Amino acid sequence: METPINGNDLLNLGYPEGYVIGVALKANRKRNGFTREKMMEAYGKVLASPELYLEDALFGSLATALIEKANEKPEDFILLNPNPPKYSAYGLDHIEEGAKKQMEVAMKLPVTVGGALMPDAHQGYGLPIGGVLATKNAIIPYGVGVDIGCRMALSVYDISEDFYFENESKFKRELIAHTKFGAGQGFLGQYKSDHEILENPIFDEHSFIKNLKDKAWSQLGTSGGGNHFVEFGIMEFSEADAELNIPKGKYVALLTHSGSRGLGATIAGHYTKIAKEVCKLPEVARNLAYLDMSTDLGQEYWIAMNLAGDYASACHEIIHKKMEKALGAVVLAKVENHHNFAWKELWNGEEVIVHRKGATPAAKGVMGIIPGSMTAPGFLVRGKGEAQAINSASHGAGRQMSRTQAEKTITHAEMKAVLKDHGVNLIGAGLDEAPMAYKDINIVMESQKDLVDVVAKFTPKLVRMADDGSRED
């Protein structure tokens, strides 16, 4: 088996660091009939004479990127702030250097007014996962992320813990019957779901979104790949919660995690590309290109982002209603919160755009759900409204291994043993989602005790995730 071509191979050929490497690797994924040796030889030729490959079907985009890169001058770029505001960080000792460096770059944007790094943070694209950034009149598509409006939704049922264990096969049957997972996956014909979200006039009026309605309809009520899940577990209230009107006790609960599917991913890709064209930032900050909210483009993205968030919510609503009906259960409480989004909020006395890329809103009294891994507990929380954290908290445990690292170092036997030890029944998922790939949720929660109060603990028992290797996050 051939060794894959990676960024270091291209750097060794003399390719410049940055986005050109990404363009080159995209070409590598499309090669047909090229051996590794021939592809590396071709890369060398394109680098030496990119002007000869501008019309080439495989290398045209790479040739263009190389020529543009060669002609870039420092004066062509927006200047970064040499004296940026400081950001707050929680659980800093457990956050990788790559995430810290990304946050430092984000703070240098001329539109940045504040930032915070959550204890589950790890390196992403542009803004780190677990990064919170407040900007003045500017929206950053990659500060929101690819899976716009990704969220958690919880239904607590009037079903006892004992009933679950006596009828686990029924719960498993309903979970399989009423969920669908994976990148690109959707329903066909009579199996499509209906929801009022499809009647939103934006689907017909927005110049870009109107072409995405059919995709949105087919994927309505489905879940993505990667770390997205639908799971049953036991929700334990160690004391009664007056606001939710739930007595002390243990209850069966349904917890879901997914986002805006292909709709959101397409919107993110489109507007990130546009932002990079109109907002020329230095290479180190390229993925943080922003759109001015006073412009038509900024407003276009804002409208599209909010529609994608509403669509993500509709997907969860459909799953939860199907399960409620299938189980014949009474829902005692519902809680939903989203991340990978931007909000207009008042912070330090001024209106700002708060980007939470993998961070949970935690204003005072606001409810949220912070999951662990498939074998670790999750927590129902209530925000404390900590201003230094820009009213935010973590959105989960956070990865301590990359997906590639997890797949290389964790065996199926090890994963099965951990699941068995915790009494978890798993449907789907790959080694990249193994519990060992995640940080200790208890350490994460301890690091943010000034940000949220724990209301109840959720222990996963029956988990379904994508089993097709897709990696929507």
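For the structure itself, consult the block above.
Numbering of residues starts from 1 in every chain and runs along the sequence as written. Confidence filtering applies because this is a predicted model: local features only for residues at pLDDT of at least 70, side-chain atom pairs given and counted only at 80 or more, and all residues used for totals across whole chains, interfaces and linings. For side-chain calculations, the full set of non-hydrogen atoms in the structure is used, while hydrogens and water are omitted.

Peer 1: Help me understand the packing of aromatic side chains in this model?
Peer 2: For any pair of aromatic rings, geometry is given as the distance between the ring centres together with the angle between the planes. Only Phe, Tyr and Trp rings are paired, with Trp represented by its six-membered ring, and only when their centres lie within 6.5 Å; those with planes under 30 degrees apart are stacked, over 60 edge-to-face, the remainder tilted. Considering all chains together, one arrives at 13 aromatic pairs under this definition. Judged by centre distance (5.0 Å) and plane angle (80 degrees), the rings of Phe171 and Phe232 are edge-to-face. Taken together, the residues Phe171 in helix H8 (residues 168-177) and Phe232 in strand S6 (residues 229-237) connect sequence positions 61 residues apart. The pair Phe171 / Phe232 is uniform in exposure class, with both members buried. The numbering of helices and of strands both runs from the N terminus, where a helix is a DSSP run of H or I of at least 4 residues and a strand a run of E of at least 2. Only protein chains enter the calculation, and the probe is 1.4 Å; a residue is then buried if its accessible area is under 20% of its type maximum, exposed if over 50%, and partly exposed in between.

Peer 1: Quick question: what am I supposed to make of the pairing of strand S7 (residues 249-258) here?
Peer 2: Within a regular strand, the side chains alternate between the two sheet faces. The element S7 is largely enclosed, with a buried count of eight among its 10 residues. Strands qualify as paired when DSSP identifies two bridges or more between them. Relative to S7, strand S5 (residues 151-160) is paired through seven bridges, and the arrangement is antiparallel. By the bridge assignment, Val156 is partnered in S7 with Ala253. Of the strand pairs in this sheet, S6 and S7 are connected by nine bridges, and their pairing is antiparallel. Considered in S7, the bridge of Gly233 is made with Ala253.

Peer 1: Help me understand helix H4 (residues 60-70), please; the structure alone is not making it clear to me.
Peer 2: Working note: α-helix, 3.6 residues per turn, so residues spaced by three or four point in the same direction. Listed in full, the buried residues belonging to H4 are Gly60, Leu62, Ala63, Ala65, Leu66 and Lys69. The contact criterion used is simple: two residues touch if any of their non-hydrogen atoms lie within 4.5 Å. Of the surrounding elements, those touching the buried residues of H4 are helix H2 (19-30) and helix H3 (36-48).

Peer 1: For this particular structure, what's the right way to read a negative patch on the surface?
Peer 2: A patch consists of residues exposed above 30% relative accessible area that lack any salt bridge, with like charges linked at up to 9 Å and nonpolar side chains (Val, Leu, Ile, Met, Phe, Trp, Tyr) linked at up to 5 Å. Accessibility throughout is a Shrake-Rupley quantity obtained with a 1.4 Å probe, and a residue counts as covered only by protein chains that appear here. Whenever Lys or Arg places a side-chain nitrogen within 4 Å of a carboxyl oxygen from Asp or Glu, that contact is recorded as a salt bridge. Positive charges are assigned to Lys and Arg, negative charges to Asp and Glu, while His and the chain termini are left out of the count. Charge positions come from single atoms, namely NZ of Lys, CZ of Arg, CG of Asp or CD of Glu. Among the surface-exposed residues, Asp194, Glu196, Glu199, Asp204 and Glu205 lie close enough to one another that they form a single negatively charged patch. Tracing the chain through its elements places Asp204 in helix H9 (residues 202-205). Judged by its relative accessible area of 53%, Asp204 falls in the exposed class.

Peer 1: Please clarify how the nonpolar core should be interpreted in this entry.
Peer 2: The nonpolar side chains of soluble globular proteins are, as a tendency, buried together. Put simply, a nonpolar core is a bunch of buried Ala, Val, Leu, Ile, Met, Phe, Trp, Tyr and Cys residues held in one set by side-chain atoms that sit within 4.5 Å of each other. Among the nonpolar cores identified, the biggest contains 56 residues, and Met118, Leu154, Val156, Met235, Phe237, Leu380 and Ile441 are the most heavily contacted of them. A total of six residues in this core trace back to one element, the largest contributor, which is strand S17 (residues 452-465). In contact with Leu380, not counting residues within four places along its chain, are Leu154, Phe237, Leu244, Val335, Met367, Gly368, Ile369, Asp453, Val454, Val455 and Ala456. Counting 53 residues, the second-largest nonpolar core is a separate cluster that includes Met103, Leu117, Ile267 and Ala304.

Peer 1: Teacher, can you tell me more about H2 here?
Peer 2: The length a helix should cover is 1.5 Å for every residue beyond the first. Taking 1.5 Å of rise per residue, 12 residues should cover 16 Å, and H2 covers 17 Å from first to last C-alpha, within 8% of that figure. On the buried face of H2, the contacting elements are helix H1 (7-13), H3 and H4.

Peer 1: I tried to follow the pattern of salt bridges on my own but got confused; where do I start?
Peer 2: Taken as a whole and assessed by the stated rule, the structure comprises 18 salt bridges. Here Glu446 ties to Lys449 by a salt bridge, and the two come within 2.9 Å at their closest N and O atoms. According to the relative accessible area criterion, Glu446 is partly exposed, its value standing at 47%. According to the relative accessible area criterion, Lys449 is partly exposed, its value standing at 49%. Shared partners join several salt bridges into a network, and the residues in it are Arg399, Arg403, Asp432 and Glu433.

Peer 1: Sorry if this is basic, but what is going on with the sheet that holds strand S10 (residues 341-347) here?
Peer 2: The pairing of strands in a sheet happens through backbone hydrogen bonds and is either parallel or antiparallel. Judged by pairing direction, the sheet is mixed, and its five strands sit side by side in the order S1-S2-S3-S11-S10 without closing on themselves. Both outer strands of the open sheet, strand S1 (88-89) and S10, are each paired with one neighbouring strand and no more. Alignment of strand S2 (residues 112-122) against strand S3 (residues 129-135), held across six bridges, turns out to be antiparallel. Paired with Gly114 across the two strands is Ala134, which belongs to S3. As a rule, the C-alpha atoms of each element are fitted with a line to give its axis, helices using only the stretch in contact, and angles between N-to-C directions run from 0 to 180 degrees. This element, helix H5 (residues 97-107), spans S2 and S3 of the sheet and lies at about 170 degrees to S2. Strands S10 and strand S11 (350-357) of the sheet are contacted by helix H12 (residues 296-327), whose axis makes an angle of about 110 degrees with S10.

Peer 1: Quick question: what am I supposed to make of unusual backbone geometry here?
Peer 2: Most peptide bonds adopt trans geometry, and most residues besides glycine take a negative phi value. With phi around 55 degrees, Asn137 is a residue other than glycine that occupies positive phi space. Counting through the fold element by element, Asn137 comes out in the loop between S3 and strand S4 (138-139). A positive phi angle, close to 55 degrees, is found at Arg261, a residue other than glycine. Of note, Arg261 is situated in helix H11 (residues 261-278). The class of Arg261 is buried, set by a relative accessible area of 1%.

Peer 1: Which parts of the structure should I look at to understand the pairing of S17?
Peer 2: Counting buried positions along S17 yields 10 of 14 residues, so the element is predominantly enclosed. Here S6 pairs with S17 via eight bridges, running antiparallel. Looking at S17, one finds that Val230 is bridged to Arg464. The pairing of strand S14 (residues 378-383) with S17 spans six bridges and is classified as antiparallel.

Peer 1: Quick question: what am I supposed to make of the environment of Thr360 here?
Peer 2: With respect to the helices and strands, the residue Thr360 is situated in strand S12 (residues 359-361). A residue is classified by how much of its surface remains accessible, and Thr360, at 1% relative accessible area, is buried. When near neighbours in sequence (up to four residues on either side) are disregarded, Thr360 contacts Asn337, Gly368, Ile369, Ile370, Asn391, Ser392, Ala393, Ser394 and His395. Under the rule applied, a polar contact is a pair of N or O atoms within 3.5 Å (in protein, one hydrogen donor and one hydrogen acceptor; residues adjacent in sequence only if both atoms are side-chain atoms). Here Ser394 takes part through its backbone oxygen, which lies 2.8 Å from a polar atom of the side chain of Thr360.

Peer 1: Looking at this structure, how should I read the packing of H2 against H4?
Peer 2: Any two packed helices are characterised by the angle at which their axes cross and by the distance between the axes. Closest axis-to-axis distance for the H2/H4 pair is 9 Å, and the angle between their directions is 170 degrees. What the angle tells us is that H2 and H4 run roughly antiparallel. Along its contact with H2, which presents Tyr19, Val20, Val23 and Ala24, the element H4 presents Ser61, Leu62, Ala65, Leu66, Glu68 and Lys69. Residues that form the contact of H2 with H4 fall into these classes: seven nonpolar, one polar and two charged. Comment on the angle field: the value is read as roughly parallel under 35 degrees, roughly antiparallel over 145, roughly perpendicular from 65 to 115, and oblique elsewhere. Only Asp, Glu, Lys and Arg are considered charged in this grouping, and only Ala, Val, Leu, Ile, Met, Phe, Trp, Tyr, Cys and Pro are considered nonpolar; every other residue, Gly among them, is considered polar.

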